[in-house]
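Working through the structure, step by step
Residue strings, one per chain:
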Amino acid sequence: MGTATALDYNAEIAERTAPLYQRVSRVIPEIEWPFHAPYVDAINDLKKGRNAILLAHNYMTPEIFHCVSDVVGDSLALAREAQKTDADVIVLAGVHFMAETAKLLNPEKTVLIPDLEAGCSLAESITGADVRLLREKYPGVPVVSYVNTSAEVKAETDVCCTSGNAVEIVERLATDRVIFLPDEYLARYVQSQTDKVEIIAWHGHCEVHERFTAAEIQDYRANFENLVVIAHPECPPDVLDTADFVGSTAGMIAYVETERPGRVLMVTECSMSDNVAVELPEVEFIRPCNFCPHMKRITLPKILQSLETMGPPVEIDPAIAERARRSVERMLEMS
Ligand code: 13P
Ligand code: SF4
């Protein structure tokens, strides 16, 4: 289980956690709650003791997203919240690059990630040396890096972006050409949204979103009448062409909250539909289930262990951190 503590369920925990269970009862079967509840109870208690804040990405499972987090959101929102918090400790329930971003913005604070192995296929697709070679090949062309990159890559970057502000950042640079990395499909999506800038792309892909196909989406449409399809821009272009709306994870959630479609398919990581379904019982979610194996490394027992041991901490080489911080701060200033 990855933790030394095995926790029992009892009547007091059941009573204390009952309101939280009420919240998630549509997506977590009652039989599972005794396994989650002792961890939920212990984490919420220990967070106070440590003056810790738990930031959770939209892809966390519902027992994390709805029951132990203080702030939830897309990578842009988590970066903004990390910049604002006055907690002593930040626990990042998400993947490693998100925790690194939080640490860049809070060098004095303790930032913990419950599993150091929670990586990202995009972040792993490119190194700082690759960016230096791109700069040699395209002298003078600014580098925009998706936040799904390592601190080492951010240090070689002019400005970061997320899927929520990529078009805005690229246009605001007011230049003819931009090197946009590492996500090829996000780069192509950005190019489809702007004719002001020529995008030079890298060839990284998200291992979760690249698996969706246009044929699969058409099958869902054929089988479910009046289906609204909304997709994350990390999907291949032909998948995005089939979608009614394209946006970041926060953008997708806002779309469903505002439009309240009767039936929706969110073309993205699986847990997000569960998290939104908790709030919107009247919307029917059709769920193609692609899990991000990295996001799914984060579990309640590991979060508890993190708070108990105050580890593992996220550390960044100070020489890299200073330059990487500038590219993240520039993004936050520009969007
Ligand atoms: P968002 O910034 O849209 O939350 O995306 C992060 C991510 O990793 C999507 O796969
Ligand atoms: Fe990376 Fe894709 Fe997982 Fe997001 S869903 S963390 S982009 S591998």
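The paragraphs below set out a description of the structure included in this document. (Residues numbered from 1 in each chain as written. Chains lettered and ligands numbered in written order. Predicted model: local features only at pLDDT ≥ 70, side-chain atom pairs only at ≥ 80, totals over all residues. Heavy atoms only, no water.)

1. Some thoughts on the overall build of the protein chain
Along the backbone of the protein chain there are 15 helices and 12 strands. Radius of gyration (C-alpha) of the protein chain: 20 Å, near the 20 Å computed for a compact globule of 335 residues. Looking at the 335 residues of the protein chain, the share that counts as buried comes to 58%. Long-range pairs, those at least 24 residues apart, make up 62% of the contacts in the protein chain with a sequence separation of at least 6. Carbon and sulfur atoms provide 48% of the accessible area of the protein chain, an area that totals close to 14100 Å². (Helix = DSSP H or I, 4+ residues; strand = E, 2+ residues; numbered from the N terminus. Rg over C-alpha atoms; globule rule 2.2 N^0.38 Å. Buried < 20%, exposed > 50% of the residue type's maximum accessible area, 1.4 Å probe, protein only. Contact = heavy atoms within 4.5 Å. Areas by Shrake-Rupley, 256 points an atom, 1.4 Å probe, with all protein chains shown as cover.)

2. With respect to the sheet that holds strand S9 (residues 228-231)
Pairing is parallel across the open sheet formed by four strands, whose spatial order is S10-S9-S11-S12. With one partner strand each, in any of the chains shown, strand S10 (245-246) and strand S12 (284-286) form the two edges of the open sheet. In terms of strand pairing, strand S11 (residues 263-267) meets S12 through three bridges, oriented parallel. Following the sheet pairing, Val 264 is matched in S12 by Phe 285. (Pairing = 2+ DSSP bridges.)

3. Re helix H6 (residues 128-137)
Every buried residue of H6 is accounted for by Gly 128, Val 131 and Leu 134. Around the axis of H6, the buried residues are gathered within 115° of arc, so they sit on the same side. Opposite the buried face of H6, by more than 90 degrees, sit the exposed residues Leu 133, Glu 136 and Lys 137. Considering only its buried residues, H6 is in contact with strand S5 (143-146), helix H7 (151-154) and strand S7 (177-181). (Arc of directions from axis to C-beta.)

Everything listed here is a matter of geometry and, on its own, says nothing about what the molecule does.
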